[in-house]
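In case you want the letters, here they are:
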Amino acid sequence: MKRILSVDDSASVRQMVTFTLRNAGYEVVEAVDGKDGLGKVSAGKFDFVITDLNMPNMDGIQLITAIRKLPGYAFTPILMLTTESQVEKKDAGRKAGATGWIVKPFNAAQLISVAQKLIR
Amino acid sequence: MAKQSSGNVADVLDRATGKLQMLARDSESRIASVAKGFEGLATQTDKILSLASAIVDSLESESLRSVLPKVQTLGTSARLFFEERLNATTGILSAVEGESKLLRQFSQVTRRQAGIALKTSVLTMFTNIEVGRLGSEGTGFQHLAQTLSEFSKTLTQDTEDLARHIEGRKPAIEATRRSLSSELPGLQEEFARIDIHLGDDMAALQSGLVQLSEAPVQFRACVENIAQQIAQVVSAIQAHDITRQQLEHVQEAFDLITSKMRRPEKSKTAAAQELSRTYASLKVQIYQLQNIQATVRTWTSQIRTCMEVILNVSASDVAGISPLVLAREQEVSSKLVHIEQLEHEGQGYSERIRQTVGGRSTLMLLVGEHTEKSKLVRHRLHLLSLNSIIEASRLGSQADAVFEIAKSISDISIEWGKVTEQSEVTMGEILGLVEQTSGLMEIFSDAGAEPLGEAQAQTRIGLAELQTTAAFAARQAHEIQIVTEGMQAMSAGVGNSGNLLEAAYGHVDSVLKTIEDLKLQMELDYPHVKRGFNIAEMEHLFSSSYTTEMERDVMRAALHGMPLPVAQQSFEGNTVELF
């Protein structure tokens, strides 16, 4: 079963990501912020990462930058799920190594479809 | 009322921040509980849909889809079966009435033939007297007399036999005619009743089976609707996170204002400018809080509505699909039994009609034989007539009496010929009737019931498929019932979830009231504050911390004195932008 990491400081958003993707047949692991997320990525292999941008301890951009440096994560798809829609923020995400961007709230069917497309 | 000092403003904002922090904590735990409830509900709904989906799959199987056409064929065959019998019965009555009339005509024929036979017998006697009178001269005539005597005996015998058979047949035919005449209206009523019952049965079956065939479409629409509702709840629950961030930004703004208010200003001008900035900040936060109020109302109501719709699946037709399948199967079974009963009744009538019209073949044979014999007699009488005339001519003047006899034989021959012709015509008519009746009787034969029997067999096959599906649906129904009960137990929680969230955000009202009062007091105490701030500076101050376009729009509206932007929340969810 393909593994997905959901990183968000909002418990309800994590719950909804997990609910949506688990019903689509994925194993979903949750992390409460960037630091927690990085720890989990380092400890195990994930096929897809979905992260918030603004989080305590370590934000989404820092997390992506750190993940890209980990062995085996250079091409792992990473999606930013955030309330931010500013172009500068998106650019920062892209430069850090994000694969895509989605402004909250996400469309459940679309998230599943993107996960299916990005996870090989 | 005393003028608001900077310290007082800071204290009020401190308390408001405290309230907002409490609200954020409270709403976080409540939204988590709503999300949990939603997950439970969605899982149960998914179970119901999976169970119903399995039933729908079996309903969509090729063999089951053919049940309706099979039942329709059965209905058409059954109706045709009874209609043909009704028409045939009417035809048979008409044939029996025709036969009765023809038998009367035949009686007249036999009576006339009996008369001719009597005349021939008398003539034989005269011929014998004349043969005796002529002595040796009448030897040739003697042979004629002998032939005539034999004819006379045969004719008498045949005519008597036929008359006896006709007379014997007459009461049977009359009884049949009377019986059919009196029973036909009853039979017609019976067949009409059977037809009505069949019509009712077929209409009930058709509507039931059509309802069943619509179930998959209905199910798919329901699945689509539920998926949409679930997606909307997923979006609405996420909207809480946006609201939470917006609240955090208001708290951060309060903290910023409070820290600045508590800082001692170097000059009166600087203090006045700071008061204006504080006023502008409060104005922005009031707008943000009003926007939060409107947004929260939208998504809490969305959560409640969608969850109620999801909950309703347990009471919907989709959850009730099993009883529908079971009811249809029972209906088809009972209707098939009923149609078989009706057919059985119809076969009973067929048997009675078969018995009634049977037995006519012997008579037909006899009439046929008699007609053939009559034709032969006609021929021989004609020859006899010619021979008697030749014999009379040969005898010359002594044969006046023989001439008379010859003339009588000729007259008898002519009369017999006429009677035979009439007999032939009547015979032809009787044969026509027999043919007509035989055609009608085909309907009452076993072959006549074959199409109905085939349709019944096909329907039984379809019924067996339906029974298998019904048995499966019954097992699924039990599980659906258990899940449904679980969902019903959740209904109270679903109803409360929206209320609890709204109650949590109710604290926004009191904070808003406090801040609005504070802003009003500042306008009264320091009228210059309304004009003393720089819009661009304030925009710069707040916009960096805002994460959504809505927050920025609300801030601009507040600073430019425009109406509050309408909180337009999309619950369709946003799409992914891939880099």
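These notes cover the structure that comes with them. The residue numbers shown here count from 1 along each chain, following its written sequence. All chains are assigned letters beginning at A, and all ligands numbers beginning at 1, according to the order in which they are written. In keeping with the predicted nature of the model, local features appear solely for residues at pLDDT of at least 70, side-chain atom pairs appear and are counted solely at 80 or more, and the whole-chain, interface and lining totals rest on all residues.

**Observations concerning the overall build of chain A**
Labels follow the DSSP assignment, with helices taken as runs of H or I lasting at least four residues and strands as runs of E lasting at least two, numbered in each case from the N terminus. Secondary structure assignment for chain A yields 5 helices and 5 strands. Helices (α) and strands (β) of chain A occur, in sequence order from the N terminus, as β-α-β-α-β-α-β-α-β-α. With C-beta atoms placed from the backbone, a contact is any residue pair whose C-beta atoms sit within 7 Å. Within chain A, residue pairs in contact and separated by at least 24 positions form 62% of the contacts whose partners lie at least 6 positions apart.

**Points about the environment of Ala96 of chain A**
Residue placement: Ala96 of chain A occurs in helix 4 (residues 87-96). In this structure the C-alpha to C-alpha distance between Ala96 of chain A and Ile64 of chain A, which are 32 residues apart in sequence, comes to 6.1 Å.

**Some words on the packing of helix 11 (residues 535-543) of chain B against helix 12 (residues 549-559) of chain B**
All names here are of chain B. Where helix 11 meets helix 12, the closest approach of the two axes is 11 Å, and the angle between their N-to-C directions is 155°. It follows that helix 11 is roughly antiparallel to helix 12 by the angle criterion. Where helix 11 crosses over helix 12, the handedness of that crossing is right-handed. Contacts between helix 11 and helix 12 involve Ile535, Met538, Glu539, Phe542 and Ser543 on the former and, on the latter, Arg552, Met555, Arg556 and Leu559. For the contact of helix 11 with helix 12, the residue count by class is 5 nonpolar, 1 polar and 3 charged. Here, axes are lines fitted to C-alpha atoms. For helices the fit covers the stretch in contact, and angles between N-to-C directions go from 0 to 180 degrees. Each angle gets one of four labels, with under 35 degrees taken as roughly parallel, over 145 as roughly antiparallel, 65 to 115 as roughly perpendicular, and the rest as oblique. By convention the crossing between two helices is left-handed if the near helix lies anticlockwise of the far one by an angle smaller than a right angle, and right-handed if it lies clockwise. Put simply, Ala, Val, Leu, Ile, Met, Phe, Trp, Tyr, Cys and Pro go in the nonpolar bin, Asp, Glu, Lys and Arg in the charged bin, and everything else, Gly too, in the polar bin.

**A short note on the interface of chain B and chain A**
Between chain B and chain A, the residue contacts involve 27 residues of the former and 29 residues of the latter. Within the residue set of the side of chain B that touches chain A, elements represented by two or more residues are helix 1 (6-59), helix 4 (139-262) and strand 1 (577-578) of chain B. The dominant element in the side of chain B that touches chain A, judged by the number of residues it contributes, is helix 4 of chain B, at 11 residues. The class makeup of the residues in the side of chain B that touches chain A is 11 nonpolar, 9 polar and 7 charged. Between any two strands, at least two bridges found by DSSP are needed for them to pair. Bridge count between strand 5 (residues 100-103) of chain A and strand 1 of chain B: 2 bridges; the pairing is antiparallel. Across the sheet, residue Trp101 of chain A finds its bridge partner in strand 1 of chain B, namely Glu577 of chain B.

**Considering helix 2 (residues 34-43) of chain A**
All names here are of chain A. To assign burial, the other C-beta atoms lying within 10 Å of each residue's own C-beta are counted, with C-beta atoms placed from the backbone; 20 or more indicates buried, 12 or fewer indicates exposed, and intermediate counts indicate partly exposed. Buried within helix 2 we find Gly34, Gly37, Leu38 and Val41. Buried residues of helix 2 fall within an arc of 100° about the axis and therefore sit on the same side. Looking at helix 2, the residues exposed on the side facing more than 90 degrees away from the buried face are Gly39 and Ala43. When we speak of the arc, we mean the arc of directions from the helix axis to the C-beta atoms.

**Regarding the pairing of strand 3 (residues 48-51) of chain A**
Residues and elements named next belong to chain A. Going residue by residue along strand 3, you find Phe48 and Ile50 tucked away on one face and Val49 and Thr51 tucked away on the opposite face as well. By the bridge criterion, 4 bridges tie strand 1 (residues 3-7) to strand 3 in an arrangement that is parallel. Among the inter-strand pairings, Leu5 is bridged to a residue of strand 3, identified as Val49. Pairing between strand 3 and strand 4 (residues 78-82): 3 bridges, direction parallel. Along strand 4, the bridge assignment pairs Ile50 with Leu79. In terms of handedness, the path from strand 3 via helix 3 (residues 60-69) over to strand 4 forms a crossover that is right-handed. Handedness of a crossover is defined as follows: with both strands directed away from the viewer, a clockwise route from the first strand across the helix to the second makes it right-handed.

**Describing the packing of helix 2 of chain A against helix 3 of chain A**
Residue and element names in this part refer to chain A. Here helix 2 crosses helix 3 at 20°, and the two axes come no closer than 9 Å. Classified by the interaxial angle, the pair formed by helix 2 and helix 3 is roughly parallel. Of the two possible hands of crossing, helix 2 and helix 3 adopt the one that is right-handed. Touching Gly34, Gly37, Leu38 and Val41 of helix 2 are Gly60, Gln62, Leu63, Ala66 and Ile67, all from helix 3. A per-class count over the contact of helix 2 with helix 3 returns 5 nonpolar, 4 polar and no charged.

**So, the nonpolar core**
With 130 residues, the main nonpolar core has Val49 of chain A together with Val233 and Ile237 of chain B as its most contacted residues. Tallying contributions element by element places helix 4 of chain B first for this core, with 23 residues. When buried Ala, Val, Leu, Ile, Met, Phe, Trp, Tyr and Cys residues are joined through C-beta atoms within 7 Å, the set is termed a nonpolar core.

**Points about the sheet that holds strand 2 (residues 27-31) of chain A**
Sheet architecture is open: 6 strands sit in the order 2(A)-1(A)-3(A)-4(A)-5(A)-1(B), paired in mixed fashion. In the strand order of this sheet, the two ends are held by strand 2 of chain A together with strand 1 of chain B, each with one partner.

**Quick word on helix 5 (residues 108-118) of chain A**
Buried within helix 5 of chain A are the following residues: Ala108, Leu111, Val114 and Ala115 of chain A. Summarising the axial view, the buried residues of helix 5 of chain A lie within an arc of 125°, below the 170-degree limit, and thus occupy one face.

**Some words on the pairing of strand 5 of chain A**
All names here are of chain A. Residue alternation in strand 5 divides its side chains into two sets, Gly100 and Ile102 and Trp101 and Val103, and both sets are buried. Direction of pairing for strand 4 relative to strand 5: parallel, over a ladder of 4 bridges. Of the residues in strand 5, the one forming a bridge with Met80 is Trp101. With respect to chirality, the unit in which strand 4 leads through helix 4 into the neighbouring parallel strand 5 is right-handed.

**Let's talk about the environment of Cys306 of chain B**
Residues and elements named next belong to chain B. Note on placement: Cys306 falls in helix 5 (residues 268-312). Judged by the 24 C-beta atoms lying within 10 Å of it, Cys306 is buried. When near neighbours in sequence (up to four residues on either side) are disregarded, Cys306 contacts Gln229, Gln232 and Val233.

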